[in-house]
Amino acid sequence: MRADLQSVVVEHREPLTFNRFNPVTEAVERVTTNGHSTIHKTLRLHHDVSKMGYPPGELPTDLNYWRREALIYQSDVSEWLAPHGVSMPALIDVIDEPSRITLVLEDVAGTPGIDADDEALISLAGRWGSAQSSLVDRRPEEWLPSEWLRSYFDHRPDVGSLYDDDEAWAHPAVAAVIDPALRAGLRRMWEDRWWCCDQLALLPTTFGHHDLWPGNVIFRPSGTPAVLDWSFCGVSPFGFDMVVMIFDNFLDLLIDVDRLPTLERGMTSAWLDAVANVLDPTIAQLGVHLSAARFAWLPVRMIGQLTAGRAGNVYLDESVSIDAEWAGRAPVFERMVEWHEAARAALD
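The model shown is predicted, which means the values in this text are computed figures rather than measured ones. (Residues numbered from 1 in each chain as written. Predicted model: local features only at pLDDT ≥ 70, side-chain atom pairs only at ≥ 80, totals over all residues. Heavy atoms only, no water.)

Quick look at the overall build of the chain
Here's step 1: Looking only at helices and strands, one finds 13 helices and ten strands in the chain.
Here's step 2: Against the compact-globule benchmark of 20 Å for 348 residues, the chain has a radius of gyration of 20 Å, which places it among compact chains.
Here's step 3: Taking the principal axes of the C-alpha coordinates as reference, the chain spans close to 65 × 50 × 40 Å.
Here's step 4: Here the analysis covers contacts within the chain between residues at least 6 apart in sequence; of these, 71% occur between residues at least 24 apart.
Here's step 5: As displayed, the chain offers around 15200 Å² of accessible surface, 51% of which is attributable to carbon and sulfur atoms.
Here's step 6: Computing the positive centroid from 28 side-chain charges and the negative centroid from 52, the chain places the two 3 Å apart. (Helix = DSSP H or I, 4+ residues; strand = E, 2+ residues; numbered from the N terminus. Rg over C-alpha atoms; globule rule 2.2 N^0.38 Å. Contact = heavy atoms within 4.5 Å. Areas by Shrake-Rupley, 256 points an atom, 1.4 Å probe, with all protein chains shown as cover. Lys, Arg positive; Asp, Glu negative; His and termini not counted. Charge placed at Lys NZ, Arg CZ, Asp CG, Glu CD.)

Quick look at the pairing of strand β2 (residues 25-33)
Here's step 1: In this sheet, β2 lies alongside strand β1 (residues 10-15) in antiparallel orientation, the contact comprising five bridges. Of the residues in β2, the one forming a bridge with Val10 is Thr33.
Here's step 2: Strand direction decides the pairing type here: β2 and strand β3 (residues 36-44), joined by eight bridges, are antiparallel. If you follow Thr33 over to β3, its bridge partner there is His36. (Pairing = 2+ DSSP bridges.)

Quick word on helix α12 (residues 297-307)
A turn of α-helix holds 3.6 residues, and therefore any two residues three or four places apart point the same way.
Here's step 1: Most of α12 sits inside the fold, with ten of its eleven residues counted as buried.
Here's step 2: Every buried residue of α12 is listed here: Trp297, Leu298, Pro299, Val300, Arg301, Met302, Ile303, Gly304, Gln305 and Leu306.
Here's step 3: Contacts from the buried residues of α12 go to α4 (148-154), α5 (166-169), α6 (172-175), α7 (180-191), α9 (240-251) and α13 (322-347).
Here's step 4: At the C-terminal side of α12, Gly309 shows a positive phi close to 80°. (Buried < 20%, exposed > 50% of the residue type's maximum accessible area, 1.4 Å probe, protein only.)

Let's talk about the sheet that holds strand β4 (residues 91-97)
Remark on secondary structure: sheet strands pair via backbone hydrogen bonds, oriented parallel or antiparallel.
Here's step 1: With antiparallel pairing, the five strands of this open sheet are ordered in space as β1-β2-β3-β5-β4. Whereas interior strands pair on both sides, the edge strands pair on one side only; in this sheet they are β1 and β4. Within the sheet, the average angular offset between the axes of one strand and its neighbour, ignoring direction, is 25°. (Axes fitted to C-alpha atoms, helices over the stretch in contact; angles between N-to-C directions.)

Some remarks on α9
Here's step 1: For α9, which comprises twelve residues, the first-to-last C-alpha distance of 17 Å matches the rise-based estimate of 16 Å (1.5 Å per residue) to within 8%.
Here's step 2: Judged by how many residues are buried, α9 sits mostly within the fold: twelve of twelve residues are covered.
Here's step 3: Taken together, the buried positions of α9 are Phe240, Asp241, Met242, Val243, Val244, Met245, Ile246, Phe247, Asp248, Asn249, Phe250 and Leu251.
Here's step 4: Immediately beyond the C-terminal end of α9, within one or two residues, lies Leu253, with a positive phi of roughly 60°. (Expected span 1.5 Å × (residues − 1).)

Details of the packing of aromatic side chains
Here's step 1: Going through the model one piece at a time under the given rule, you end up with twelve aromatic pairs.
Here's step 2: Taking the centre distance of 6.2 Å and the plane angle of 50° together, the rings of Trp128 and Trp230 count as tilted. Taken together, the positions of Trp128 in helix α3 (residues 118-135) and Trp230 in the loop between β9 (225-227) and β10 (234-237) put the pair 102 residues apart, joining distant regions of the chain. Comparing Trp128 with Trp230, the two get one shared label, buried.
Here's step 3: Measuring from ring centre to ring centre gives 6.2 Å for Trp169 and Trp326, while their planes differ by 70°; the resulting arrangement is edge-to-face. (Phe/Tyr/Trp six-rings, centres within 6.5 Å; stacked < 30°, edge-to-face > 60°.)

So, the sheet that holds strand β8 (residues 217-219)
Here's step 1: The strand order across the open sheet built from three strands is β6-β8-β9, with neighbouring strands paired in antiparallel fashion. The open sheet is flanked by β6 (111-112) and β9, the only strands paired with a single partner.
Here's step 2: Strand direction decides the pairing type here: β6 and β8, joined by two bridges, are antiparallel. Within β8, the residue paired with Pro112 across the bridge is Ile218.

Concerning the pattern of salt bridges
Here's step 1: According to the stated counting rule, one finds 22 salt bridges in the structure shown.
Here's step 2: The salt bridge involving Arg187 is made with Asp164; its shortest N-O contact spans 2.7 Å. Here Asp164 lies in the loop between α4 and α5 and Arg187 lies in helix α7, a separation of 23 residues in the sequence.
Here's step 3: Residue classification places Arg187 among the partly exposed residues on the basis of a relative accessible area of 26%.
Here's step 4: For Glu338, the salt bridge is made with Arg335, and the minimal N-O distance between the two is 1.6 Å. With a gap of three residues between them, Glu338 and Arg335 both fall in helix α13, about one helical turn apart.
Here's step 5: Given a relative accessible area of 21%, Arg335 falls into the partly exposed group.
Here's step 6: Each of Glu14, Arg30 and Asp107 takes part in a single network of salt bridges with overlapping partners. (Salt bridge = Lys/Arg side-chain N within 4 Å of Asp/Glu carboxyl O.)

Distances and angles like these do not, on their own, reveal function.
Have a look at this one:
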């Protein structure tokens, strides 16, 4: 039941980090009230379309429908997840105002996913696979998008001509880690992005989070992962969540890229084992490999920044050098190309 807000004394508000490239999120704060902390996440109907890749939506089928996260927290999804060892922050209250919703959520205690060890992250993949196996039978709500990746690419400019900019690719930071073969592979993946959407649309579907990277996970003291930030969830081809779960920490340079081989093998294997009861392993693996296209835009964006004379990447801390950015991401780009080539070989 909603608390009487007039009888509550707010002791402290602490702004928390959130994705400021999504204009639907207005604020995320830790609010301490009478010695007890909760998380307040405010969503808004916003008409700012300048944030690249995340235009706000008013229609339930829009990529970034502004009410979707509130609807997920008020649905029974958490009850579906719980038997598989996955949780969500508990919903304490919903403050619904004109063009604005504030979710009052449990302040989950535990270890942030970006600080978790390999065993915990591999366990997350297995638990999520188990949950997705059960959610394949769930009837999707009308406010869950079904062509998420296609909509995502619709809002990303086609700047593939930058692959012809030899001067930009000859930049010392780039040339040191991207050889001609890798450049060609990245270009193929970018040019094949719509083909990947077509192929993913043919695969069996389940419920997907679509942004399930460890930065959106807190491991409770019991080891149970609490998954945050449900704004992009929707109907999903099997395997699509894995590309974010495995690669995104490395792309954001938050964990040592030397861990990539271990986590890729362990997380993929755990997820494949968990979905084997509902899906042929060959089809499941194909979904994982096709999903590398999710990040096909990133190398192009990075080259575009170089040609525009901007240092670093807007998603990273300003202290990250161009050299460190390219060196840290190059091994992930190599794996993305390998996944894409494997998908092409399987379907050609």
